[in-house]
2 protein chains.
Amino acid sequence: MVKTEKIDSTQERILAAAKRVFLEQGMAGARMQDIADKAGINKALLHYYFRNKDKLFETIFKEVSSQFFPKITDVIESDMPLFGKIERFCSEYIDMLQKNSFMPMFVLSEVHKQPQRFKERFWKNMGPVLARFVGEIEVEMKKNKIKKMSAGQLFLNMVSLCIFPFIAKPLWMVSSGMDEARFKQFMEERKKEVPKFIIESIKN
Amino acid sequence: MVKTEKIDSTQERILAAAKRVFLEQGMAGARMQDIADKAGINKALLHYYFRNKDKLFETIFKEVSSQFFPKITDVIESDMPLFGKIERFCSEYIDMLQKNSFMPMFVLSEVHKQPQRFKERFWKNMGPVLARFVGEIEVEMKKNKIKKMSAGQLFLNMVSLCIFPFIAKPLWMVSSGMDEARFKQFMEERKKEVPKFIIESIKN
DNA sequence: GTCTATAACTCGATAGAC
DNA sequence: GTCTATCGAGTTATAGAC
């Protein structure tokens, strides 16, 4: 080996720590000290790697939100029939969120504070793909393959059913008395239940 | 008049200002100075009325989250048939959120940070009511009035469809290019669309 | 009750040695 | 690259006059 890759480099530990802290606390709530502690270094070194908090946040937000959307692209771009796409769209989405259940809260609460920034940096790729999906739904309606309704409303229904449970996760767990394992199982069932629920509603 | 009620008392102005600021910024992002300014007083006086930021926050959170759930109680406790309840549950809920679109983000992001606190202080009243509603749904399923599925999943679907659009409002507006007026109209349509969508899916 | 002034503190950021 | 020490801005909170 000519080059030694330090597998657990300082930079990587910083990013991992920052991700945890930002996802849990949001930009305003996160503390550089806390990130430094979790990365096992001190604040000065943190600033050495990422000039300031804003740049660090930016990096994490980019990473997180670029994971968050694009897997979906594959499904939409595929040549499956619509019901198949809906099934896979929902189950893939829920699956991804199960592995990253902090993401929706994080992304949404930051978009909520900086909508313009989000639009400029993250929407340009994803927008057209989703627009195409909505267009495809409209075509199926015109052909009377599915019930006629607003395609925008239907799309919003779809993402609501997938994403909301993860945003409401702490509330739901506390309210229903579910523990982590039970919640996981409940979401597992949802991968089938959600598309079934949707298709049941729109099929002719 | 024996007693003069100062209709726009300092305390009330503080609470109104604090509500605005906390709803927009969350606990961590809100500044006492900002609240004081919006209330037209200074920080010292703010501390005179509410010993510290935490106590002030607590008060607002209590007020906001106690508005957030209970209107729903009336609908659930009424003696309408199930489909009627679903219709009114959704339309009332969406209506309430239209007037307070910051609430869901606020409540959820704080519950997310302090789940236990929420459980202890705000769940005791609402829990049983919602449990009764879910129970009623189960009964209708047993009687084969509606399709059989998990009543918990159905209930979660219902609240997801109502609440999520308001959480995603900034994201949705940026993505779809809707302005405030168009979004309002879109939500107006949703008051009919959501219950229709649900009932279409569960009816026999 | 309300104000001015300021203490006390938190936190992001930098200087400078190693 | 990494550390210790410290600065300085911004905030919460209090003292004390009116």
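Preceding this paragraph is the structure being described.
About the criteria used
Residues numbered from 1 in each chain as written. Chains lettered and ligands numbered in written order. Predicted model: local features only at pLDDT ≥ 70, side-chain atom pairs only at ≥ 80, totals over all residues. Heavy atoms only, no water. Least-squares fit on C-alpha atoms with pLDDT ≥ 70 in both. Contact = heavy atoms within 4.5 Å. Helix = DSSP H or I, 4+ residues; strand = E, 2+ residues; numbered from the N terminus. Expected span 1.5 Å × (residues − 1). Bend = angle between axes of the 7 residues up to and from the residue. Core = buried A, V, L, I, M, F, W, Y, C linked by side-chain atoms within 4.5 Å. Buried < 20%, exposed > 50% of the residue type's maximum accessible area, 1.4 Å probe, protein only. Salt bridge = Lys/Arg side-chain N within 4 Å of Asp/Glu carboxyl O. Near = heavy atom within 4 Å. Polar contact = N/O pair within 3.5 Å; in protein donor to acceptor, adjacent residues only side chain to side chain. Axes fitted to C-alpha atoms, helices over the stretch in contact; angles between N-to-C directions. Parallel < 35°, antiparallel > 145°, perpendicular 65-115°, else oblique. Nonpolar A, V, L, I, M, F, W, Y, C, P; charged D, E, K, R; others polar. Buried area = accessible area lost by both parts, 1.4 Å probe. Left-handed = near helix turned anticlockwise from the far one by under 90°.

Caption draft 1: Structural context of the relation of the copies chain A and chain B. The transformation that overlays chain A on chain B combines an axial shift of 0.1 Å with a rotation of 179 degrees, and the residual RMSD is 0.3 Å. Read as a symmetry element, the transformation amounts to a two-fold axis. Every residue of chain A has its C-alpha some distance from the rotation axis, and the shortest such distance is that of serine 201 of chain A, at 1.9 Å. Both copies present the same face, since 100% of the interface residues in chain A are matched by interface residues at the equivalent positions in chain B.

Caption draft 2: Fine view of helix α8 (residues 115–142) of chain A. All names here are of chain A. The end-to-end C-alpha distance of α8 is 34 Å, clearly below the 40 Å that 28 residues give at a rise of 1.5 Å each. The largest bend in α8 comes to about 75 degrees, at tryptophan 123. Remark: asparagine 144 follows α8 within two positions and exhibits a positive phi of approximately 60 degrees.

Caption draft 3: Seen up close, the nonpolar core. Within the largest apolar cluster, 155 residues are counted, with the highest numbers of intra-cluster contacts made by Phe89 of chain A together with Phe89 of chain B. With sequence-adjacent residues up to four places away left out, phenylalanine 89 of chain B is seen in contact with Ile72, Val75, Ile76, Phe133, Phe155, Met158 and Val159 of chain B.

Caption draft 4: Quick peek at the pattern of salt bridges. Residue and element names in this part refer to chain A. Inspection of every chain in the model, using the stated rule, returns 27 salt bridges over all chains. Aspartate 95 is paired through a salt bridge with lysine 99; the nearest N and O atoms lie 2.8 Å apart. Remark: lysine 99 and aspartate 95 occur in helix α6 (residues 82–99); sequence separation between them is 4 residues, near one turn of the helix. Since its relative accessible area comes to 60%, lysine 99 is described here as exposed.

Caption draft 5: Expanded view of the protein's contact with DNA strand C. Near DNA strand C you find 16 residues, and of these Arg31, Met32 and Lys53 of chain A together with Asn42 and Tyr49 of chain B are the closest. Sugar and phosphate atoms constitute 58% of the interface atoms of DNA strand C, taking the interface as everything within 4 Å of the protein. Lysine 53 of chain A has a polar backbone atom sitting 2.8 Å from a phosphate oxygen of DNA strand C. In this structure, a phosphate oxygen belonging to DNA strand C sits 3.1 Å away from a side-chain N or O atom of threonine 10 of chain B.

Caption draft 6: Main features of the packing of helix α7 (residues 103–113) of chain B against helix α9 (residues 151–167) of chain B. Residue and element names in this part refer to chain B. Two numbers describe how α7 lies on α9: the axes approach to 8 Å, and their chain directions differ by 95 degrees. One way to sum up the angle between α7 and α9 is to call them roughly perpendicular. Two secondary-structure elements touch here, α7 through Pro104, Met105 and Leu108 and α9 through Ile163, Phe166 and Ile167. Of the residues that constitute the contact of α7 with α9, the class distribution is 6 nonpolar, no polar and no charged.

Caption draft 7: Structural detail: the environment of methionine 149 of chain B. Relative to the helices and strands, methionine 149 of chain B is located in the loop between α8 (115–142) and α9. Judged by its relative accessible area of 19%, methionine 149 of chain B falls in the buried class. With 12 residues separating them in the primary sequence, methionine 149 of chain B and isoleucine 137 of chain B have C-alpha atoms 9.9 Å apart. The residues touching methionine 149 of chain B, leaving out its near neighbours within four places in the chain, are Glu193 and Phe197 of chain A together with Met141, Leu154, Asn157 and Ile202 of chain B.

Caption draft 8: Structural view of the protein's contact with DNA strand D. Not every one of the 16 residues close to DNA strand D is listed here, only the nearest: Asn42, Ala44 and Tyr49 of chain A together with Lys43 and Lys53 of chain B. Taking asparagine 42 of chain A, its side chain carries an N or O atom lying 3.4 Å from a sugar or linking oxygen of DNA strand D. Separating a phosphate oxygen of DNA strand D from a backbone N or O atom of lysine 53 of chain B is a distance of 2.9 Å. Of all the secondary structure elements, the ones that give two or more residues to the surface near DNA strand D are α3 (43–49) of chain A together with α2 (32–39) and α3 (43–49) of chain B. Per-element accounting of the surface near DNA strand D gives the leading share, 4 residues, to α3 of chain A. Here the residues of the surface near DNA strand D are counted per class, giving 8 nonpolar, 5 polar and 3 charged.

Caption draft 9: Structural context of the interface of chain A and chain B. Between chain A and chain B, the contact holds 48 residues from the first and 48 residues from the second. When the buried surface of chain A facing chain B is broken down by residue, His112, Phe164 and Phe197 of chain A rank first, second and third, together holding 16% of it. In this structure, the connection of chain A to chain B is made through 2 salt bridges. If you look at where chain A meets chain B, you find 11 residue pairs in polar contact (both at pLDDT 80 or more). Mapped onto the side of chain A that touches chain B, the elements with two or more residues apiece are α1 (10–29), α7 (103–113), α8, α9 (151–167), α10 (169–176) and α11 (180–202) of chain A.

Caption draft 10: Layout of the packing of α10 of chain A against α11 of chain A. Residue and element names in this part refer to chain A. Contact geometry of α10 with α11 gives a least axis separation of 11 Å together with a crossing angle of 115 degrees. Considering the angle they form, α10 stands roughly perpendicular to α11. The handedness of the crossing between α10 and α11 is right-handed. Here Lys169, Trp172 and Met173 of α10 come into contact with α11, specifically with Glu180, Phe183 and Phe186. For the contact of α10 with α11, the per-class residue count stands at 4 nonpolar, no polar and 2 charged.

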